[in-house]
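Report on the structure
This is what each chain is made of:
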Amino acid sequence: MLILKIFFTFVFVELLIHYFLSKNKKKNTILINKDDEIPKFDEKKYNNFLKNSYDKKLGWIRKKNTKGFDSINEVKINFTIDKNGYRKLKKRKKNLFASFGDSYVFCRQVKDEETWQEQLSFNKNFNILNYGVGNYGIDQSILRYRDEKLDNKIKFVLMGFVPETICRIQSQWKHYLEFGNIHGFKPKFTLVNEKIKLISNPLMKKSKIDNLAKIIKEISKTDRFYEEKFKKNIFKFPYVFSFCKNLSFNLKVFSLIILKEIKFINLNQSKLNDLLFSMVMKRNIIQSHSFYNENKSTNLFGKIIDLYKSIALKKKHIPIIIVFPQLMDLKLNSRVNYQRFFLKLNNKIKVIDLTNVLLKKDTKKIYTNDKYGGHLSKYGNKVVSQFIFKELKKYYKYIDKL
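Treat the numbers as computed from the prediction; the structure is a model and nothing was measured. (Residues numbered from 1 in each chain as written. Predicted model: local features only at pLDDT ≥ 70, side-chain atom pairs only at ≥ 80, totals over all residues. Heavy atoms only, no water.)

**Thoughts on the overall build of the protein chain**
Counting its secondary structure elements, the protein chain contains 18 helices and 13 strands. Relative to the compact-globule value of 21 Å for 402 residues, the protein chain shows a C-alpha radius of gyration of 23 Å, a close match. Taken along the three principal axes of its C-alpha coordinates, the protein chain extends 85 × 45 × 40 Å. Of all 402 residues assigned to the protein chain, the portion counted as buried reaches 53%. Pairs at least 24 residues apart make up 71% of the contacts formed inside the protein chain by residues separated by at least 6 positions. Of the roughly 20,900 Å² of accessible surface on the protein chain, 55% is carried by carbon and sulfur atoms. Of the charged side chains in the protein chain, 81 are positive and 37 negative, and the gap between their average positions amounts to 4 Å. (Helix = DSSP H or I, 4+ residues; strand = E, 2+ residues; numbered from the N terminus. Rg over C-alpha atoms; globule rule 2.2 N^0.38 Å. Buried < 20%, exposed > 50% of the residue type's maximum accessible area, 1.4 Å probe, protein only. Contact = heavy atoms within 4.5 Å. Areas by Shrake-Rupley, 256 points an atom, 1.4 Å probe, with all protein chains shown as cover. Lys, Arg positive; Asp, Glu negative; His and termini not counted. Charge placed at Lys NZ, Arg CZ, Asp CG, Glu CD.)

Dropping the structure here:
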């Protein structure tokens, strides 16, 4: 009798989870099943990506002579990429700096004139060119720097990124790291006998949708996040076992969705997605902090930094690194893991870690309120610009006269 009760309870829970997934999966990209291993690509969206964002060497890029916008609370914030490929700036006397990196270098959610680059150089006699691209890893940023034909007056190169870049450099298909980002194919570096080797972007512009399954299967063999993250989060029969693999996280996700469905909490689908995404962000950042204690990850990161230095030496530039903590980085004590890494790294390359500076500030003023964990506000960019310039002057005291 007990065995029958257990059996019927198991069957009931299986059916319940299956029903829940079938009803909610399309609305919530963090819920994945076997179909997501080779997702169905929308031909129109795929072709639009190839036309407007695709880059053979880097994965994706903001195209020259284009405009776009971000938004906060449905308010549009416009930006412009000029004919040279960097973000629009006011013309000044000389192009002294070039900055490369992710969305914290691009400065999402602020106007062209409100970026930290523009605020830093506002009353100076030089420009800071902004080559930032959203969601880039430092690997992509370095490859862009390597191939970019810069003004011969450039003397300094600023390479900026969030600590989570230690995950991004080990990812080749963003979908395995950020479920739903199916167009995010990219190059990556790997270590072979302690020597750095580039694995090119697997997606070619001529790649047809019918060929993507083959490309994805090859990536799954070498992208660590397929086995370590993606597969562990796939819901498949028996669903109870899948659910229990990430019990704490799945309980929170299911509970939120159910409470929203029965109208116990007042959330529309957009707000719910933002809340779920923030939970995913927190989990991703906790993982990124742990990688700074893993030799496999830090060795690769170190070799990529060495490559950056060697490229800068060839171009006769002074290389500088800037670490931009995300809001969630500041909320977690495990941030000390990446702080220790960059403190040690500072012995061989100039590192400006903004963590301690931003910890002292009111984060509600420093960061915008968005699902991505908060980008820097206009005020946040101003604080960052002042500290970066202060740090630069410590090492290059004649910077104003260059």
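**Some words on a nonpolar patch on the surface**
On the surface, M1, L4, F7 and F8 cluster together into a nonpolar patch covering about 500 Å² of accessible area. Mapped onto the elements, L4 comes out in helix α1 (residues 2-24). (Patch = residues over 30% accessible without salt bridge, like charges linked within 9 Å, V, L, I, M, F, W, Y side chains within 5 Å. Salt bridge = Lys/Arg side-chain N within 4 Å of Asp/Glu carboxyl O.)

**A closer look at the packing of aromatic side chains**
Scanning the entire structure with this criterion turns up 34 aromatic pairs. Feature note: the residues F161, Y292, F301, Y338, F341 and F342 constitute an aromatic cluster, connected by ring pairs. Its end group placed over the ring of F69, K76 keeps NZ or CZ at 4.4 Å from the ring centre. Looking at K315, its charged tip hangs above the ring of Y145, at a distance of 5.4 Å from the centre. (Phe/Tyr/Trp six-rings, centres within 6.5 Å; stacked < 30°, edge-to-face > 60°. Lys NZ or Arg CZ within 6 Å of the ring centre and 35° of its normal.)

**Points about unusual backbone geometry**
With omega at -5°, the peptide bond leading from F237 into P238 counts as cis. Its place among the elements puts P238 in the loop between β11 (234-235) and α10 (239-245). At N135, a position not held by glycine, the phi torsion is positive, near 70°. Within the secondary structure, N135 sits in the loop between β7 (127-130) and α5 (138-147). Looking at N135, the relative accessible area reads 19%, which means it is buried. The phi torsion at N193 lies on the positive side, around 55°, for a residue other than glycine. Its location among the elements puts N193 in the loop between β9 (188-192) and β10 (195-199).

**Description of helix α8 (residues 212-219)**
Among the residues making up α8, those that are buried are L212, I215, I216 and I219. Along the axis of α8, the buried residues cluster in a sector spanning 100°; they form a single face. Pointing more than 90 degrees away from the buried face of α8 are the exposed residues K214 and K217. Those residues of α8 that are buried are in contact with α2 (43-52) and α7 (174-177). (Arc of directions from axis to C-beta.)

Keep in mind these values describe shape, not function.
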